[in-house]
Amino acid sequence: MTDAKNKTFTLTDDQTGKSYKLPVLDGAAGPSVIDVRKLYAETGHFTFDPSFTSTASCKSRLTFIDGDEGILMHRGYDIAELATKSTHMEVCYLLLYGDLPTATQLAEFTHNITYHTMVHDQMNKFFQGFRRDAHPMAVMCGVTGALSAFYHDSLDIRDPKQREISAHRLIAKIPTLAAMAMKYNMGQPFMYPRNDLTYPENFLYMCFAVPAEAYKINPVLARAMDRIMILHADHEQNASTSTVRLAGSSQANPFACIAAGIASLWGASHGGANQEVLEMLDEIGSVERIPEYIKKAKDKDDPFRLMGFGHRVYKNFDPRAQVLKQSCDEVLDELGVRDPRLKLARELERIALEDPYFVERKLFPNVDFYSGIILKAMGFPVSMFTVLFAVSRTVGWISQWKEMIEEPDLRIGRPRQLYTGAAKRPYVDIKKRG
Ligand code: CMC
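Worth saying up front: this structure is predicted, and the values here are computed from it rather than measured.

Colleague: I'd like a rundown of the side chain of Arg-245, residues and numbers included.
Modeller: With respect to the helices, strands and loops of the structure, Arg-245 is situated in helix H10 (residues 239–249). Looking at Arg-245, its side chain comes within polar contact range of the side chain of Glu-403, at 2.7 Å.

Colleague: Tell me about the pairing of strand E2 (residues 19–25), and name the residues and values.
Modeller: The pairing of strand E1 (residues 8–12) with E2 spans five bridges and is antiparallel. Of the residues in E2, the one forming a bridge with Thr-8 is Pro-23. Here E1 folds back onto E2 in antiparallel fashion, the turn holding six residues, of which Gly-17 has a positive phi close to 80°.

Colleague: Provide a residue-level description of the site of the ligand, including the pertinent values.
Modeller: The ligand sits among 20 residues. The nearest are His-270, Arg-305, Leu-306, Gly-308 and Arg-312. In the model, a nitrogen atom of the ligand is placed 3.5 Å from a nitrogen or oxygen of the Ser-269 main chain. Asn-366 is positioned with one of its side-chain polar atoms (N or O) 2.9 Å from an oxygen atom of the ligand. Notes on the ligand: free accessible area 960 Å², of which the protein chains cover 76%.

Colleague: Let's hear about the packing of aromatic side chains: which residues, and what values?
Modeller: Between two aromatic rings, the relevant description is the distance of the centres plus the angle of the planes. Within the structure shown, the criterion is met by 16 aromatic pairs. A centroid spacing of 5.3 Å and a plane angle of 65° characterise the contact between Phe-127 and Phe-190, whose relative ring orientation is edge-to-face. Placement of the pair is Phe-127 in helix H5 (residues 122–128) and Phe-190 in the loop between helix H7 (160–186) and helix H8 (199–208), with a sequence separation of 63 residues. Taken together through their ring pairs, the aromatic side chains of Phe-309, Tyr-357, Phe-358, Phe-369 and Tyr-370 make up a single cluster. For Arg-194, the ring lying beneath its charged end belongs to Tyr-205, and the centroid distance is 4.9 Å. When the ring centre of Tyr-40 is taken as origin, the NZ or CZ atom of Arg-416, which lies over that ring, is 5.8 Å away.

Colleague: Any chance you could break down helix H13 (residues 290–298) for me, citing the residues and the numbers?
Modeller: The set of residues buried in H13 consists of Ile-290, Tyr-293, Ile-294 and Ala-297. For H13, the arc enclosing every buried residue in end-on projection is 105°, short of the 170-degree limit, so these residues lie on one face. Relative to its buried face, H13 has exposed residues pointing more than 90 degrees away, namely Pro-291 and Lys-295. Looking at the buried side of H13, the elements it contacts are helix H12 (273–284), helix H15 (340–354) and helix H16 (356–360).

Colleague: Which residues make up the sheet that holds strand E6 (residues 77–78), and what values go with them?
Modeller: Strand order in the open sheet formed by three strands is E4-E5-E6, and the pairing between neighbours is antiparallel. One side of each edge strand has no neighbouring strand; the edge strands of this open sheet are strand E4 (63–66) and E6. Note: E4 against strand E5 (residues 71–74), four bridges, orientation antiparallel. Paired with Asp-66 across the bridge in E5 is Ile-71.

Colleague: Provide a residue-level description of the packing of helix H3 (residues 88–97) against helix H4 (residues 103–114), including the pertinent values.
Modeller: At their nearest, the axes of H3 and H4 sit 10 Å apart, and the two run at 100° to each other. When the axis of H3 is compared with that of H4, the two are roughly perpendicular. Contacts between H3 and H4 involve Met-89, Glu-90, Cys-92, Tyr-93, Leu-96 and Tyr-97 from the first element and Gln-105, Leu-106, Phe-109, Thr-110 and Ile-113 from the second. Per-class residue counts for the contact of H3 with H4 are eight nonpolar, two polar and one charged.

Colleague: Help me get a handle on a nonpolar patch on the surface, residues and values and all.
Modeller: A contiguous nonpolar patch, built from Phe-9, Leu-11, Ile-34 and Val-36 and spanning about 280 Å² of accessible area, is present on the exposed surface. When you line up the elements, Val-36 lands in the loop between strand E3 (33–34) and helix H1 (39–43). In this structure Val-36 comes out as partly exposed when scored by relative accessible area, which is 35%.

Colleague: Break down the environment of Asn-202 for me, with residues and values.
Modeller: The residue Asn-202 is located in helix H8 in this model. Since its relative accessible area comes to 6%, Asn-202 is described here as buried. Linking Asn-202 and Val-391, residues 189 residues apart in sequence, is a C-alpha distance of 13 Å.

Cut-offs used in this document
Residues numbered from 1 in each chain as written. Predicted model: local features only at pLDDT ≥ 70, side-chain atom pairs only at ≥ 80, totals over all residues. Heavy atoms only, no water. Helix = DSSP H or I, 4+ residues; strand = E, 2+ residues; numbered from the N terminus. Polar contact = N/O pair within 3.5 Å; in protein donor to acceptor, adjacent residues only side chain to side chain. Pairing = 2+ DSSP bridges. Near = heavy atom within 4 Å. Areas by Shrake-Rupley, 256 points an atom, 1.4 Å probe, with all protein chains shown as cover. Phe/Tyr/Trp six-rings, centres within 6.5 Å; stacked < 30°, edge-to-face > 60°. Lys NZ or Arg CZ within 6 Å of the ring centre and 35° of its normal. Buried < 20%, exposed > 50% of the residue type's maximum accessible area, 1.4 Å probe, protein only. Arc of directions from axis to C-beta. Contact = heavy atoms within 4.5 Å. Axes fitted to C-alpha atoms, helices over the stretch in contact; angles between N-to-C directions. Parallel < 35°, antiparallel > 145°, perpendicular 65-115°, else oblique. Nonpolar A, V, L, I, M, F, W, Y, C, P; charged D, E, K, R; others polar. Patch = residues over 30% accessible without salt bridge, like charges linked within 9 Å, V, L, I, M, F, W, Y side chains within 5 Å. Salt bridge = Lys/Arg side-chain N within 4 Å of Asp/Glu carboxyl O.

These results come straight from atomic positions and should not be treated as a statement about function.
Structure below.
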């Protein structure tokens, strides 16, 4: 960030004719920002930006996105390079600590994560309180928040060592809880984590193995899972990450903050979209019905949207979707999947990419479009799709939380508002109302 005194932006109040010079701050990349922190004190005005389309809510060194150019970088490394050359464990280290690890650092970090994968055995009982048919995201909101009731020894957010242990615990235990949520939903026994497996292998094992049979890891699926995890690891100040930061700004403990992030991710406009993609494909049902649904998507009086298309930030292409499309082809070939929905998905993609409505609005398939298809082919129930997003995003959330807590000038987040309710009025006794 450059010295605020170097550049300014002049704002003139048309009512009074008074001008105000606002500092302009430059980041390492991306648009400069107008520093409005003293705006209210100096002008008596707030700014109004309810969906944050023009507002930077924080400084961050983690992730950079250029939506027009389709660029996504973590700590300066391009996402396509990370997805093809790195591993999720290495990306976790990169996000959390700022640089790629040496071999020794990676081995130590991997060991720490691996040896935190078990959850307190009392957690098993906690699951029994949920209905079997509960949505696994509902279960995840509950059990993740409950972690703060189990790990009291790492809740002091002022202690850097405790912050680090909580971060390791979250990265290690969320996959275990996610697999337990899936098993509970299916009525199968929980599978304890295995320390001889890699992070993605262990996750697949906990989700798909059963005690009655030996489970063989498929390396193509483990690699695809690792790639899905890398591609979802962080995404700058999206809704769930901003939720984690806002919750954390009040000094709430990290387990509670990540539970808040999971709740925010669940919505259909965010992480819930990958589930909705599959549900939409089921609803469309056959290639012949695609034109009917394309028509519905374009109709402003119809709330239907093509799920898995469009993005708030990427207005050219989603770089994650490009890498995932390749993985999608690999997984489908490996498994020889003949699911008619996949044929439907490919046809939908082709038509939408050629249709002027989608081309003009720059609505192309996003990461959720392909992740839904791969996860379905791998055998995950549709209700688990958003949970998998949460598993992958945990490292991003906790890295962003850690970065925020380490800011020397951290203050509680407190947005302002434009009040549009009733003016002051006298209380009317109930007998005189009506
Ligand atoms: N289908 C049909 N029309 C669409 C769609 C869609 N999926 N997305 C946007 N539009 C239209 C919208 O109606 C508007 O048209 P017009 O200018 O004529 O009024 C225009 O495109 C701009 O849309 P917007 O609502 O202003 O865009 P936004 O930035 O507020 O919304 C979005 C972004 C992702 C919420 C939206 O594109 C959407 O609802 N997509 C489907 C859900 C989805 O796939 N979400 C996953 C996002 S990627 C994962 C993640 O990062 O969480």
